[in-house]
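Residue-level structural notes
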Number of protein chains: 2
Amino acid sequence: MRGESFRLTAHAGRARAGVLGTAHGEIETPVFMPVGTQASVKALASEDVERLGARIILGNTYHLALRPGAERIAALGGLHKFMAWSRAILTDSGGFQVFSLRERRTIDEEGVTFASHLDGSPQRLTPERAMQIQALLGSDVAMAFDECPPSDSERAIIEAAMARTTRWARRCLATTPAPGQLRFGIGQGGVHLDLRRAHLAELRELSFDGSAFDGFALGGLGVGEAPEVMHGVIAEVAGDMPAEKPRYLMGVGTPEDIWQAIGAGIDMFDCVMPTRNARNGQLFTKAGRLNIGNARHRDEDQPVEAGCDCACCARYSRAYLAHLFHAKELLYYRLATVHNLEHYLSLGRRARELIAGGTFPPTPW
Amino acid sequence: MRGESFRLTAHAGRARAGVLGTAHGEIETPVFMPVGTQASVKALASEDVERLGARIILGNTYHLALRPGAERIAALGGLHKFMAWSRAILTDSGGFQVFSLRERRTIDEEGVTFASHLDGSPQRLTPERAMQIQALLGSDVAMAFDECPPSDSERAIIEAAMARTTRWARRCLATTPAPGQLRFGIGQGGVHLDLRRAHLAELRELSFDGSAFDGFALGGLGVGEAPEVMHGVIAEVAGDMPAEKPRYLMGVGTPEDIWQAIGAGIDMFDCVMPTRNARNGQLFTKAGRLNIGNARHRDEDQPVEAGCDCACCARYSRAYLAHLFHAKELLYYRLATVHNLEHYLSLGRRARELIAGGTFPPTPW
């Protein structure tokens, strides 16, 4: 059953199109997953995300465990019911957030102790607890709990984190998932190609009681290294991820980054860039980015992007968005977020269409 | 033509039901008008306000003139087009906002000079300019520019403000409205019944070149006086407003205030209470108010109000709203606003239904 959760449907060079089966529907890949950290894609309701055509969104173990609490969400029927979202959800394991706390966490072999960013209260996350939280949330795809060393770490630190991530990955596989829940392993290794390859080789060999990972992710990229360096790493190591399983590039990046990575054979993406940048005034279009705060937009009686089908462009002008942005009206954040997500989601649609036709050009439009 | 813009369809005691014709559709009264101060009903898109069934919303002369500017909105096709709202709009004249600036404004017979709350820049509003701005915005109902003395003013101050408001009202009537634009006069007089009556008598006699006001409003209520005092004033003076024209109670109030005023014969209402209180966590239900921040709501797997048709109650639980509220997620503000406006709009619907049936009970539910 698990081995059949993903099937490839077309190739164009190293780019792939496929279908990932989950307990909440099939997802065509390549796919962008909007980030819904705290059980909400920021500024949007679930019906907006549905209307955008998203088939899978992200939730976050660290944030949801602290507030409102995994046991509470489980008692309320799970994350899908809690946020009234009936399509698929992938949950991050919390590793990235916890390791980002730097000054407020200590690592040992068992797990990580940290202070909550909400109230400073002591918290503990272990591989077992991270997987238990994800089982309580009832996500469709659970991520293994990994150690993410800072991007500027020395090679020896990265190697040690990799070894621990492998030991933790084994413990993650030994936990009981929610019914139908898939589990992905996360490869680390910084920008060192040999380490990336060695770690992916370790992870793909792992299994517990006949269960192996259902997919693999690249973690620790897009965290400060130059884009060309990141593109190079992805181009080199995507082929080291099992071809028959979904490949997920975590937390990356610009539309250009995503397009490059699709060309290298990556299937799944998430990033806060479309939603966060929307809130800061930056809007993505096929002709490039625009800053809605620029004075010229105040008098522009055309949509953000002509021909765009999103609920923002279908009804509202740049002039109106510019006004809402300057006035800090709440509606601005929603309209801008809808448009930027439409742009990111259209990258996946465009890639699938092109790959199905057997081509994958260097740029989408 | 103008005299026919309003027709009464039913009575129950002193309560009335009617239909106000505007250039953007007919509005059944009694009616609550959501407040869209800065060309947005806070936290909502125009499609949300449509879905709530609102037929008329408010815009604000003071705020829109400062940002984005009345001439800009006119160049972009008017306020309806700017905010993509094709139903009716009533614009406040800016008087209330300007006089609320207290320390930052000086009044003379011609008008008011004040400092913008945005950047401190000197601004000037006169009866002629307030009406010109409303003509540029293209609202369906324009309000006369009035002087609103503080609620605790001495009687002599109130009398002087009334006299000036009458002189200004005459100047407002001498301006050219937008095509099809109705104009309402505003009666002042504090809580003094004799002053209220005298002022309404003055205003109803005003006309310029054959044009009189198309409706009348009570201003300067709900600004600090006890609710019983306000209810008493409204009950006494509503009958002094012309029976054949719409009667509008400005900026008031709680659901109870509105119900009382409908019973006294008032037709139109606006208030920031449903939208502002929503953002602060207070939700209105037929069973009373609830504070979504209270701990018990975190585990409640039922909607804010069982049986409520709004987009919030149709899909989301109290537990989810409580989470969004505590997490300060933007979606909270929208869902809470939708629900509270549904409650306020349902007051009008309920009143119309009851009045059509010939009864008007002391409470709506």
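Residues numbered from 1 in each chain as written. Chains lettered and ligands numbered in written order. Predicted model: local features only at pLDDT ≥ 70, side-chain atom pairs only at ≥ 80, totals over all residues. Heavy atoms only, no water.

Quick look at the relation of the copies chain A and chain B now. Applying a rotation about an axis and a shift along it to one chain copy brings it onto the other copy. In screw terms, the move from chain A to chain B is a rotation of 180° and a rise of 0.0 Å along the axis, fitting with an RMSD of 0.0 Å. Interpreted geometrically, this transformation is the action of a two-fold axis. In terms of C-alpha distance to the rotation axis, chain A has A:Leu330 as its closest residue, with the C-alpha 3.7 Å off the axis. Of the residues that chain A buries at the interface, 100% are likewise interface residues in chain B, meaning the two copies contact each other through the same surface. (Least-squares fit on C-alpha atoms with pLDDT ≥ 70 in both. Contact = heavy atoms within 4.5 Å.)

Residue and element names in this part refer to chain B. Direction vectors running N to C along helix H7 (residues 155–173) and helix H8 (residues 193–205) enclose 10°, while the axes themselves pass 10 Å from each other. Relative to H8, H7 is oriented roughly parallel. Contact residues: H7 offers Arg155, Ile158, Glu159, Met162, Thr165, Thr166 and Ala169, while H8 offers Asp194, Leu195, His199, Glu202 and Leu203. Of the residues in the contact of H7 with H8, the class split is 5 nonpolar, 3 polar and 4 charged. (Axes fitted to C-alpha atoms, helices over the stretch in contact; angles between N-to-C directions. Helix = DSSP H or I, 4+ residues; strand = E, 2+ residues; numbered from the N terminus. Parallel < 35°, antiparallel > 145°, perpendicular 65-115°, else oblique. Nonpolar A, V, L, I, M, F, W, Y, C, P; charged D, E, K, R; others polar.)

This brings us to the sheet that holds strand E14 (residues 268–270) of chain A. Residue and element names in this part refer to chain A. Pairing is parallel in the open sheet, where 8 strands are placed in the order E4-E14-E13-E12-E11-E10-E6-E5. At either margin of the open sheet sits one strand with a lone partner, and together these are strand E4 (31–33) and strand E5 (56–60). Between one strand axis and the next, the sheet turns by 25° as a mean value, whatever way the strands run. Of the pairings in the sheet, the one linking strand E13 (residues 247–249) to E14 comprises 2 bridges and is parallel in character. Across the sheet, tyrosine 248 pairs through a bridge with methionine 268, a residue of E14. Sheet contacts for helix H10 (residues 255–264): E4, E13 and E14; angle to E14, the most-contacted strand, approximately 160°. (Pairing = 2+ DSSP bridges.)

Our focus in this paragraph is the interface of chain A and chain B. Counting from both sides, the interface comprises 38 residues of chain A and, opposite them, 38 residues of chain B. When the two sides are added together, the surface that chain A and chain B hide from each other amounts to roughly 3,500 Å², 47% of it contributed by carbon and sulfur. Of all residues in chain A, A:Arg315, A:His323 and A:Leu330 give up the largest surface area on contact with chain B, accounting jointly for 17% of the area buried on that side. At the boundary of chain A and chain B, one finds 12 salt bridges. (Buried area = accessible area lost by both parts, 1.4 Å probe. Salt bridge = Lys/Arg side-chain N within 4 Å of Asp/Glu carboxyl O.)

For the structure shown, the criterion picks out 50 salt bridges over all chains. In this structure, B:Asp301 engages A:Lys81 in a salt bridge whose closest nitrogen and oxygen atoms are separated by 2.4 Å. With B:Asp301 in the loop between strand E16 (288–291) and helix H12 (318–326) and A:Lys81 in helix H4 (residues 79–82), this pair bridges two chains. The class of A:Lys81 is partly exposed, set by a relative accessible area of 46%. Residues A:Glu329 and B:Lys42 are paired through a salt bridge, measuring 2.7 Å at the closest nitrogen-oxygen approach. (Buried < 20%, exposed > 50% of the residue type's maximum accessible area, 1.4 Å probe, protein only.)

As a further point, take unusual backbone geometry. The omega torsion across A:Arg67 and A:Pro68 is 10°, close enough to zero to call that bond cis. Residue position: A:Pro68 is located in the loop between helix H2 (61–66) and helix H3 (70–75). Along the chain, B:Thr29 connects to B:Pro30 via a cis peptide bond; the corresponding omega equals 0°. Relative to the helices and strands, B:Pro30 is located in the loop between strand E3 (25–29) and strand E4 (31–33). Its identity as a non-glycine residue notwithstanding, A:Lys328 has a phi of 55°, on the positive side. Turning to its location among the elements, A:Lys328 is positioned in the loop between helix H12 (318–326) and helix H13 (330–356).

We now examine the sheet that holds strand E7 (residues 105–107) of chain B. Residues and elements named next belong to chain B. Strand order across the open sheet formed by 3 strands is E7-E8-E9, with antiparallel pairing between neighbours. Of all the strands in the sheet, the pair left with one neighbour each is E7 and strand E9 (122–125). Along the sheet, successive strands turn relative to each other by an average axial angle of 15°, direction set aside. As defined by bridge partners, E7 adjoins strand E8 (residues 112–115) across 3 bridges and the pair is classed as antiparallel.

Residue and element names in this part refer to chain B. Enumeration according to the criterion identifies 0 disulfides over all chains in this entry. Free of any disulfide, cysteine 148 has its nearest neighbouring cysteine sulfur in cysteine 172, separated by 12 Å. A disulfide-free cysteine, cysteine 312 has its sulfur positioned 4.8 Å from the sulfur of cysteine 310, the nearest such atom. (Disulfide = S-S within 2.5 Å.)

Right, let's get into the packing of aromatic side chains. All told, the structure shown has 23 aromatic pairs over all chains when counted by the stated rule. Relative to B:Tyr344, the ring of B:Phe284 has its centre 5.4 Å away and its plane inclined at 80°; by these criteria the two rings are edge-to-face. Here B:Phe284 is found in strand E15 (residues 282–285), whereas its partner B:Tyr344 is found in helix H13 (residues 330–356), with 60 residues between them in sequence. Neither residue differs from the other here; B:Phe284 and B:Tyr344 are each classed as buried. Aromatic ring contacts, followed pair by pair, group A:Phe32, A:Phe284 and A:Tyr344 into a single cluster. Positioned over the ring face of A:Trp365 is A:Lys286, at 4.4 Å from the centre of the ring. (Phe/Tyr/Trp six-rings, centres within 6.5 Å; stacked < 30°, edge-to-face > 60°. Lys NZ or Arg CZ within 6 Å of the ring centre and 35° of its normal.)

For the rest of this paragraph, the subject is the pairing of strand E16 (residues 288–291) of chain A. Side-chain positions along a regular strand alternate between the two faces of the sheet. All names here are of chain A. Here strand E15 (residues 282–285) pairs with E16 via 4 bridges, running antiparallel. By the bridge assignment, leucine 283 is partnered in E16 with leucine 290. Between the antiparallel neighbours E15 and E16 lie 2 residues.

All names here are of chain A. Along the chain, the position of proline 127 falls in helix H6 (residues 127–137). Sequence separation of proline 127 and glycine 95 is 32 residues, and the distance between their C-alpha atoms is 9.2 Å. If near-sequence neighbours (up to four positions away) are discounted, proline 127 is found in contact with Glu110, Phe145, Trp168, Arg171 and Cys172.

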